[in-house]
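Spelled out, the chains give:
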Amino acid sequence: MEIDALRLTGSPRLAGERQEHIELLAAVPTPLPPIIVHRPTMRVIDGFHRLRAARLRGDTTIVARFFDGDESDAFVLAVQLNVTHGLPLALSDRQSAAERIIASHPHWSDRRVATVAGIAPGTVGEIRRRLGSAADPQARRLGQDGRMRPLDGTAGRLRAGELLTEEPGLSLRQVARAAGISPETVRDVRNRLRNGEDLLPRSRRRDSDAEPRHTPAPETGTGTDTRPGSAPVPVARSRPAAGRPVHSVAQVRADAGPDRVVLVKRLIADPALRFSETGRSLLRLLAIHAVREEEWEAIIGNVPPHCSGVVADLAVQLADMWADFATRVRSDVTASAG
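About the criteria used
- Residues numbered from 1 in each chain as written.
- Predicted model: local features only at pLDDT ≥ 70, side-chain atom pairs only at ≥ 80, totals over all residues.
- Heavy atoms only, no water.
- Helix = DSSP H or I, 4+ residues; strand = E, 2+ residues; numbered from the N terminus.
- pLDDT = per-residue confidence, 0-100.
- Contact = heavy atoms within 4.5 Å.
- Buried < 20%, exposed > 50% of the residue type's maximum accessible area, 1.4 Å probe, protein only.
- Pairing = 2+ DSSP bridges.
- Core = buried A, V, L, I, M, F, W, Y, C linked by side-chain atoms within 4.5 Å.

A look at the environment of Thr-115
Here is step 1: Here Thr-115 lies in helix α5 (residues 110-117).
Here is step 2: C-alpha separation for the pair Thr-115 and Gln-80, spaced 35 residues apart in sequence, amounts to 8.2 Å.

What follows is the structure, encoded as structure tokens:
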């Protein structure tokens, strides 16, 4: 399409394009990858450097692909593409982009915004608090998996406590699916059960005490964690939240999909992975993590106290690397499909 018909505005790069990168691209003798253009406004979403390089070479046309969504979704796409390929966005650019995404997509979870912007979920939470965009406790947010979850997971935490007490062998994902909360929240609930702590974080208990709810009081009772080798732990019980289906332990097991061990075994049988060096490297990495819940528990329980902080920090760094890996793989699949 004609280069002069395109608009160069709204870039997530606060300092604009880098001249040295433009000159580097202009010197490439082969055609540059297509740019992405917002069809309704003819604004360039992705490819500012490539467009300026084409102009520098004296080109009058450039290969482009069109995006037909609204302006806010076009900006999200621009950030996502610039985080996962090409010249990386600076940290200040990514944080500024997160602010815009929070404003245009307030119903998105911190983790979903973080994945797009390429920053930590905790940083997104800090930005949200700084912007003063506190949400109604009854509100729900859209997670990375496309599911809406409540901001106040009190009922879900209590339900998870019940399920883990009835059958401790359930996986995090099985309990999460039944209780309507995230697997990481289930992990926190399980740790609190083992330590004899309240299932609700301190801040949530304070909020609950300060702001009485206009809903029927939950029926409370006391359960006991009877797993071998653990001291009895009181477990608060409550009626499930209105409108949420009640899942028995048997239903939880029946509804569970294949776990990661089964999925890795399937991948190991895939010739496309087995017969390439990079494929085998990927399989080795996946196999390292494809251990059962009880094996993870044994590992966690035997981490020496003097190095637990270092181990925890490394685990967080590796988790971030895997999250970035997942984002880039999904982006490549989306680009191929387009």
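Remarks on the confidence of the model for the protein chain
Parts of the prediction with low pLDDT should not have their coordinates interpreted in detail.
Here is step 1: Averaged over every residue, the pLDDT of the protein chain is 78; the share at 70 or more is 77%.
Here is step 2: Contacts from residues 206-244, a stretch scored under 50 in pLDDT, to residues over four places away or in other chains number 50 contacts.
Here is step 3: Long-range and interchain partners of residues 252-257, a stretch whose pLDDT sits below 50, account for 15 contacts in this model, where long-range means more than four residues apart.

Considerations on the pairing of strand β1 (residues 35-38)
Here is step 1: The two faces of β1 match: Ile-35 and Val-37 on one face and Ile-36 and His-38 on the other face are all buried.
Here is step 2: In this sheet, strand β3 (residues 64-67) lies alongside β1 in parallel orientation, the contact comprising 4 bridges. Residue pairing in the sheet places Val-37 in a bridge with Phe-66 of β3.
Here is step 3: The sheet contact formed by β1 and strand β2 (residues 43-46) spans 3 bridges and is antiparallel. Along β2, the bridge assignment pairs Val-37 with Val-44.
Here is step 4: Count of turn residues in the β1/β2 antiparallel hairpin: 4 residues, of which Met-42 carries a positive phi of about 60°.

So, the side chain of Arg-190
Here is step 1: For Arg-190, the location among the structural elements is in helix α9 (residues 183-195).
Here is step 2: Arg-190 gets classed as buried once you look at its relative accessible area, which sits at 4%.
Here is step 3: If we skip the residues at most four places from it in the chain, Arg-190 touches Leu-164, Leu-172, Glu-293 and Glu-297.

Here we look at the nonpolar core
Here is step 1: With 17 residues, the main nonpolar core has Ile-101, Trp-108 and Val-113 as its most contacted residues.
Here is step 2: Elements that contribute at least two residues to this core include exactly α3 (71-84), α4 (91-104), α5 and α6 (121-130).
Here is step 3: Counting 15 residues, the second-largest nonpolar core is a separate cluster that includes Leu-158, Leu-170, Val-175 and Val-186.

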